[in-house]
Amino acid sequence: MSHEAAGVPTTRNDEDRQDDVPQDSDDVQQNEAEPGAPEPAGPDDAGPRPEARLARAVQAAEQALIEFEIAVETFRVEVENFSRLHHQKLGPMYARLDELDALIAEARASKSGDPEDERKAREARAAVMPMPGVDELFHDWMDTDGLSPEAAAMLTEQPVRPPKRVRPSEEARRLYRELARKAHPDLAQDEVERQRRDEFIARVNAAYGRGDVELLKELVAEWEAGPVRPPAPLSESEELYARLEWLSRRKELLTVLAKELEDGAIGSMLRMAPDDPDQLLEDIAEQLLGEVSRREAELAEMTR
């Protein structure tokens, strides 16, 4: 086999030797049999296959996508928890402010008798108890799988487990990242394995959303005790290119989701206090209490 057939580039010394090779076939055989002569290059001496480099690129893209999904899911949980805790902690204060606004408007209209003041009073009163829409009626009761965990717990007379704080503890975050990296569906090589991972990660996400460290530890043990599948052999170049395209599309969808979360009202509030969102809730509550006190004083002055 020639050097060219083995895929090894011809060197300057190879070209020089070609000029000196005797034309007699016996001489050629004698030279090939000389002790210490270099062996002809074989297929194993060639450079790495293009498919091998492509496979490494796919693996790198998979890991990058998983890390990105972890970051997006972490922020999504914080946005959802902040929204729920915002409603639980601050909702009564907002309701009290609406009631005080209505009482102040009604007191002003009663004193002035002005039709415009009366119209504003009616609008203020209507804002206190608005007719709920469909989205509001089912808020936090329905999710993509049907009833939310909180709704199902209430209907079965089980204790509801709302999030304790906006940001789960560091231990919960560490366990979540560990599970997400090990059991992520994007690492599946067939549909059966993907479905198993999808179902498992859904349980992981629910536990992380509640900051349930003990359940996350149980899920770690469950995954480690499960079947360990050997890594699939390298695919051919066409399949690897298709895999890279899928990963790219997935990254684009996640980028859109991350943008929507960041640009939303709650996401914008979270960006105001990225290091301590729970303290942000306390600060807002303090401001609302001040507003309530001012309105109560104003109402007392008007009705004196």
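The structure contained in this document is the topic of the report that follows.

Procedures and definitions
- Residues numbered from 1 in each chain as written.
- Predicted model: local features only at pLDDT ≥ 70, side-chain atom pairs only at ≥ 80, totals over all residues.
- Heavy atoms only, no water.
- Phe/Tyr/Trp six-rings, centres within 6.5 Å; stacked < 30°, edge-to-face > 60°.
- Helix = DSSP H or I, 4+ residues; strand = E, 2+ residues; numbered from the N terminus.
- Buried < 20%, exposed > 50% of the residue type's maximum accessible area, 1.4 Å probe, protein only.
- Axes fitted to C-alpha atoms, helices over the stretch in contact; angles between N-to-C directions.
- Parallel < 35°, antiparallel > 145°, perpendicular 65-115°, else oblique.
- Contact = heavy atoms within 4.5 Å.
- Salt bridge = Lys/Arg side-chain N within 4 Å of Asp/Glu carboxyl O.
- Core = buried A, V, L, I, M, F, W, Y, C linked by side-chain atoms within 4.5 Å.
- Bend = angle between axes of the 7 residues up to and from the residue.
- Patch = residues over 30% accessible without salt bridge, like charges linked within 9 Å, V, L, I, M, F, W, Y side chains within 5 Å.
- Areas by Shrake-Rupley, 256 points an atom, 1.4 Å probe, with all protein chains shown as cover.
- Lys, Arg positive; Asp, Glu negative; His and termini not counted.
- Charge placed at Lys NZ, Arg CZ, Asp CG, Glu CD.
- Expected span 1.5 Å × (residues − 1).
- Polar contact = N/O pair within 3.5 Å; in protein donor to acceptor, adjacent residues only side chain to side chain.

1. Side note on the packing of aromatic side chains
Point 1. Tallied over the full model, the rule gives two aromatic pairs.
Point 2. An angle of 15 degrees between the planes, with centres 4.4 Å apart, marks the rings of Tyr176 and Tyr208 as stacked. Of this pair, Tyr176 sits in helix H7 (residues 170-183) while Tyr208 sits in helix H8 (residues 191-209), and the two are 32 residues apart along the sequence. Residue Tyr176 shares its accessibility class with Tyr208, and that shared class is buried.

2. What about the packing of helix H3 (residues 50-112) against helix H11 (residues 265-272)?
Point 1. The N-to-C vectors of H3 and H11 enclose an angle of 100 degrees; their axes lie 9 Å apart at closest approach. Judged by the angle between their axes, H3 and H11 are roughly perpendicular. The segment H3 lies against H11, with Phe75, Glu78, Val79, Phe82, Ser83 and His86 engaging Ile266, Gly267, Met269 and Leu270.

3. Regarding the pattern of salt bridges
Point 1. Under the defined criterion, the tally for this structure stands at 29 salt bridges.
Point 2. Residue Glu80 is joined to Arg84 by a salt bridge in which the shortest nitrogen-to-oxygen separation is 3.2 Å. Here Glu80 pairs with Arg84, and both are found in helix H3, just four residues apart, close to one helical turn.
Point 3. On the basis of relative accessibility, which here comes to 32%, the residue Glu80 falls in the partly exposed class.
Point 4. Since its relative accessible area comes to 15%, Arg84 is described here as buried.
Point 5. A salt bridge links Glu171 to Arg174; its shortest N-O distance comes to 2.9 Å. Separated by three residues within a single helix, Glu171 and Arg174 lie in helix H7, roughly one turn from each other.
Point 6. Under the relative-accessibility criterion, Glu171 is labelled partly exposed at 30%.
Point 7. A relative accessible area of 43% places Arg174 in the partly exposed class.
Point 8. Put simply, Glu171, Arg174, Glu178, Lys182 and Glu224 are held in one network by salt bridges that share partners.

4. A closer look at the nonpolar core
Point 1. Ranked by size, the top nonpolar core spans 32 residues in total, and within it Phe82 and Leu90 carry the most contacts.
Point 2. Top contributing element to this core by residue count: H3, with 14 residues.
Point 3. The residues contacting Phe82, other than those within four sequence positions of it, are Val166, Ile266, Met269, Leu270, Pro277, Leu280 and Leu281.
Point 4. One finds Ile66, Val77, Leu179 and Val204 within the second-largest nonpolar core, a separate group that totals 19 residues.

5. Let's talk about H3
Point 1. The largest bend in H3 comes to about 50 degrees, at Leu90, with the proline Pro92 one to four residues further on.
Point 2. Just past H3, the residue Gly113 takes up positive phi, approximately 70 degrees.

6. A short note on a negative patch on the surface
Point 1. Taken together, the side chains of Asp275, Asp276, Asp283 and Glu286 make up a negatively charged region of the molecular surface.
Point 2. Within the secondary structure layout, Asp283 lies in helix H12 (residues 277-302).
Point 3. Residue classification places Asp283 among the partly exposed residues on the basis of a relative accessible area of 33%.

7. A word on H8
Point 1. Here H8 is 19 residues long and its end C-alpha atoms lie 26 Å apart, about the 27 Å a rise of 1.5 Å per residue gives.
Point 2. Listing the buried residues of H8 in full gives Glu193, Arg194, Arg197, Phe200, Ile201, Val204, Ala207, Tyr208 and Gly209.
Point 3. The N-terminus of H8 is capped by Asp190, whose side-chain oxygen sits 3.2 Å from the backbone nitrogen of Val192.
Point 4. Directly beyond the C-terminal end of H8, a positive phi value near 70 degrees is found at Gly211.

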